[in-house]
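Observations on the three-dimensional arrangement
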Amino acid sequence: LEYYSTDEIRKHSSPESCWIIAGNSVYDVTELLDIHPGGQEILLRRSKEMKDCKQDFLFHSSRTQSLIQKYK
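Re the pattern of salt bridges
- Across all of its chains, the model carries three salt bridges by this definition.
- Ionic pairing is found between Asp56 and Arg46, a salt bridge with its closest N-O pair at 2.8 Å. Linking Asp56 in helix H3 (residues 54-57) with Arg46 in helix H2 (residues 40-49), this pair joins segments that are 10 residues apart in sequence.
- Relative accessible area serves as the criterion here: at 17%, Arg46 is assigned to the buried category.

Looking at the pairing of strand S3 (residues 25-28)
- Pairing between strand S2 (residues 17-22) and S3: four bridges, direction antiparallel. Looking at the pairing, Ala22 lines up with Ser25 of S3.

So, unusual backbone geometry
- At Met50, a residue that is not glycine, the phi angle is positive and equals roughly 55°.
- Locating Met50 in the fold gives a position in the loop between H2 and H3.

Focus: the pairing of S2
- Of all six residues in S2, six are buried, a share of seventy percent or more.
- Burial along S2 is two-sided: the face carrying Ser17, Trp19 and Ile21 and the face carrying Cys18, Ile20 and Ala22 are both buried.
- Bridging between strand S1 (residues 13-14) and S2 involves two bridges; their strand directions are antiparallel. From the neighbouring strand, Ser14 faces S2, where its bridge partner is Ser17.
- Here S1 folds back onto S2 in antiparallel fashion, the turn holding two residues.
- Following S2, the chain reverses through two residues before pairing antiparallel with S3; Gly23 in that reversal takes a positive phi of roughly 65°.

Observations concerning H2
- Taken residue by residue, H2 has Leu43, Leu44, Arg46 and Ser47 as its buried positions. Down the axis of H2, the smallest arc covering the buried residues is 160°, so these residues share one side. Set apart from the buried face of H2 by more than 90 degrees, the exposed residues are Glu41 and Lys48.
- On its buried side, H2 packs onto S1, S2 and H3.

Cut-offs used in this document
Residues numbered from 1 in each chain as written. Predicted model: local features only at pLDDT ≥ 70, side-chain atom pairs only at ≥ 80, totals over all residues. Heavy atoms only, no water. Salt bridge = Lys/Arg side-chain N within 4 Å of Asp/Glu carboxyl O. Helix = DSSP H or I, 4+ residues; strand = E, 2+ residues; numbered from the N terminus. Buried < 20%, exposed > 50% of the residue type's maximum accessible area, 1.4 Å probe, protein only. Pairing = 2+ DSSP bridges. Arc of directions from axis to C-beta. Contact = heavy atoms within 4.5 Å.

Here's what the structure looks like:
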């Protein structure tokens, strides 16, 4: 189990490296930027704001919620 400081997470808010927070987990969603149905801007915005995306995950299908786990 790895732990990241907010300073470390904050360094990953660009198209080259995009991390988001959901609950107590961090996800590297860089690979998903170009294929995210809502566009990459939404992921980049969440990353820059360091907003907890746990509620956002609820809008995704159970299949997508399962697939995202590989980016944790």
